[in-house]
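Fold and geometry: a report
Given next are the chains, with one letter for each unit.
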Amino acid sequence: MRGVDMEIVSKKDLDLRNAKKLKVGSFESNLYVKDEYLYKMFKMLVFYRYGIERLRDKEIKVNILSDVEIPEIIKPSRIVKPRKIIEGLEMPYIKNTTNLYSFFEYSRDISEYLKVVSKTSKVLKTIHDDPRDIVVCDMNFDNIMFDSEYNIYFCDSDSYSVSGIPSTSIGKSLDIYCKNRSLSPKSADIRYDNFQMFINFLQILFAKYIEHITTEEYERLCDEVSSLRNMRKYFYKTLKSVTVPEVPYLHELIDDADFDSVISYQMPKLYCKSKGIVDHIN
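This is a predicted model, so every value here is computed, not measured. (Residues numbered from 1 in each chain as written. Predicted model: local features only at pLDDT ≥ 70, side-chain atom pairs only at ≥ 80, totals over all residues. Heavy atoms only, no water.)

1. Let's talk about the packing of aromatic side chains
Rule in force here: Each Phe, Tyr or Trp ring, with Trp reduced to its six-membered ring, pairs with another whose centre is within 6.5 Å; inter-plane angles below 30 degrees give stacked pairs, above 60 give edge-to-face pairs, and intermediate values give tilted ones. The numbering of helices and of strands both runs from the N terminus, where a helix is a DSSP run of H or I of at least 4 residues and a strand a run of E of at least 2. Burial classification: accessible surface area is computed with a 1.4 Å probe over protein chains only, and a residue below 20% of its type maximum counts as buried, one above 50% as exposed, and the rest as partly exposed. Distance and angle both matter: a charge sits over a ring if NZ of Lys or CZ of Arg is within 6 Å of the ring centre and within 35 degrees of the ring normal.
The final tally for this structure, using the stated rule, is 15 aromatic pairs. Summarising the aromatic geometry, the rings of Tyr-101 and Phe-141 are spaced 6.2 Å apart at their centres and angled 65 degrees between planes, so their arrangement reads as edge-to-face. On the criterion of sequence distance, the pair formed by Tyr-101 in the loop between β7 (98-99) and α4 (103-106) and Phe-141 in the loop between α5 (110-129) and β8 (144-146) is long-range, its members being 40 residues apart. Exposure class is identical for Tyr-101 and Phe-141. Each is buried. Each member of the aromatic cluster is reached from another via a ring pair, and the members are Phe-103, Phe-104, Tyr-106, Tyr-113, Phe-146, Tyr-150 and Phe-201. When the ring centre of Tyr-177 is taken as reference, the NZ or CZ atom of Arg-181 above it lies at 3.6 Å.

2. Points about the environment of Phe-141
Where we set the bar: Contact definition: two residues touch when any of their heavy atoms are within 4.5 Å.
For Phe-141, a relative accessible area of 0% puts it in the buried group. As for Phe-141 and Glu-105, which are separated by 36 residues in sequence, their C-alpha atoms are 14 Å apart. Setting aside chain neighbours within four positions, we find Phe-141 in contact with Asn-99, Leu-100, Tyr-101, Tyr-113, Met-197, Asn-200, Phe-201 and Ile-204.

3. Some details on the side chain of Lys-61
Convention followed: The sign given to each residue is positive for Lys and Arg and negative for Asp and Glu; His and the chain ends receive no count. Any carboxyl oxygen of Asp or Glu within 4 Å of a side-chain nitrogen of Lys or Arg constitutes a salt bridge here. Residues adjacent in sequence count toward polar contacts only when both atoms are side-chain atoms; beyond that, a polar contact is any pair of N or O atoms within 3.5 Å, and within protein one must be able to donate a hydrogen and the other to accept it.
In this structure, Lys-61 sits in helix α3 (residues 53-65). No salt bridge is formed by the buried Lys-61, whose closest oppositely charged neighbour, Asp-57, lies at an N-O distance of 6.2 Å. There is a polar contact of 3.4 Å between the side chain of Lys-61 and the backbone oxygen of Asp-158. Apart from the residues lying within four places of it in its own chain, the contact partners of Lys-61 are Asp-158, Ser-159, Tyr-160, Val-162, Ile-165, Pro-166 and Ser-167.

4. Observations regarding the sheet that holds β8
Basically, it comes down to this: Two strands pair under a simple rule: DSSP has to find at least two bridges between them. Lines are fitted to the C-alpha atoms to define the axes, a helix being fitted only along its stretch in contact, and any angle between axes, read from their N-to-C directions, falls within 0 to 180 degrees.
Here we have three strands laid out as an open sheet, ordered β7-β8-β9, and antiparallel in their pairing. Strands with a single pairing partner mark the edges of an open sheet, and in this sheet they are β7 and β9 (152-154). Relative to β9, β8 runs antiparallel, the two sharing three bridges. Bridge pairing links Phe-146 to Ile-152 in β9. Running at roughly 45 degrees to β9, α5 makes contact with β8 and β9 of the sheet.

5. A short note on the environment of Asp-256
Along the chain, Asp-256 turns up in the loop between α9 (226-240) and α10 (276-279). Sequence separation between Asp-256 and Lys-21 is 235 residues, and the spatial gap between their C-alpha atoms is 40 Å.

6. Considering the packing of helix α7 (residues 190-206) against helix α8 (residues 215-222)
Applicable threshold: Should an angle lie under 35 degrees it is considered roughly parallel, over 145 roughly antiparallel, and from 65 to 115 roughly perpendicular; all remaining angles are considered oblique.
Look at α7 against α8: their axes get within 12 Å of each other, and the N-to-C directions meet at 85 degrees. The angle between the axes of α7 and α8 places the two elements in the roughly perpendicular class. Across the interface between the two elements, Leu-202, Leu-205 and Phe-206 of α7 pack against Glu-217, Tyr-218 and Leu-221 of α8.

7. Some points on the pattern of salt bridges
This structure, assessed with the given rule, holds 18 salt bridges. The closest approach of N and O atoms between Glu-28 and Lys-58, which form a salt bridge, is 3.2 Å. One end of the pair, Glu-28, is in the loop between β2 (20-25) and β3 (29-34); the other, Lys-58, is in helix α3, and 30 residues separate them in sequence. Side by side, Glu-28 and Lys-58 carry an identical accessibility label, which is buried.

8. Describing the confidence of the model for the protein chain
The condition is simple: For every residue, the predictor assigns a confidence score, pLDDT, that lies between 0 and 100.
Considering every residue of the protein chain, the mean pLDDT works out to 87; 90% of them sit at 70 or more. Per-element confidence in the protein chain is highest for β9, whose mean pLDDT is 97, and lowest for α10, whose mean pLDDT is 41. When the criterion is pLDDT under 50, residues 269-282 qualifies, and its contacts beyond four places in sequence or with other chains add up to 34 contacts.

Here is the structure:
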């Protein structure tokens, strides 16, 4: 599936000199906001060093994704391409959103967390069911946003694996889990997406890396949250497995009855903003 070639805009016409540069970014890109748009500008020296073909793959993938009718995916609207190589992407800027990593800065209610995670999981299932064979790959909760009405937005779509075109991205939690087991997940796989979502969900809830969650603290919270009882065998399997275990979609395990309960969240001492949870691994 090729998709439709997207409109191209030159870097000179954009004139991002007065645009607001966001503090968030990555090893390979910077983010800017101008008017109603977000601009993801690639650090070209990084790609010249590690492989310019990755940028060519990104252009092909975003063209394919332009035909995808999944409103929760934030898709680029134009390609920034001053010469032969893509240098950036223009996409809608979604205001007043929070990333899932920071959920408990937004609300202390576990039942609300379960609602938004369940909805996110259903979106992930829709993405996986698309005939273009989409795999998110980097299921970092920083890349999933929600607004006050719990509308879900999946970001960084240029990093997805699409129609067999690979991705070099991998979520940090999965990367650490695999390195601890001397595994090298090189190919995109929807089971990796599901597993990343599962361990990220628990890591945010307990504010520590998955293998630092004790069985005692897990069981204590099971008394209050029936959804965790549904996940119990997958939690224990994750701790004991020497491979990446298969887990169901979270919305298949989350109990809707938990939505009607007000389950107060006591902020753990180890909790800190955004990616800081993983940063506490020793």
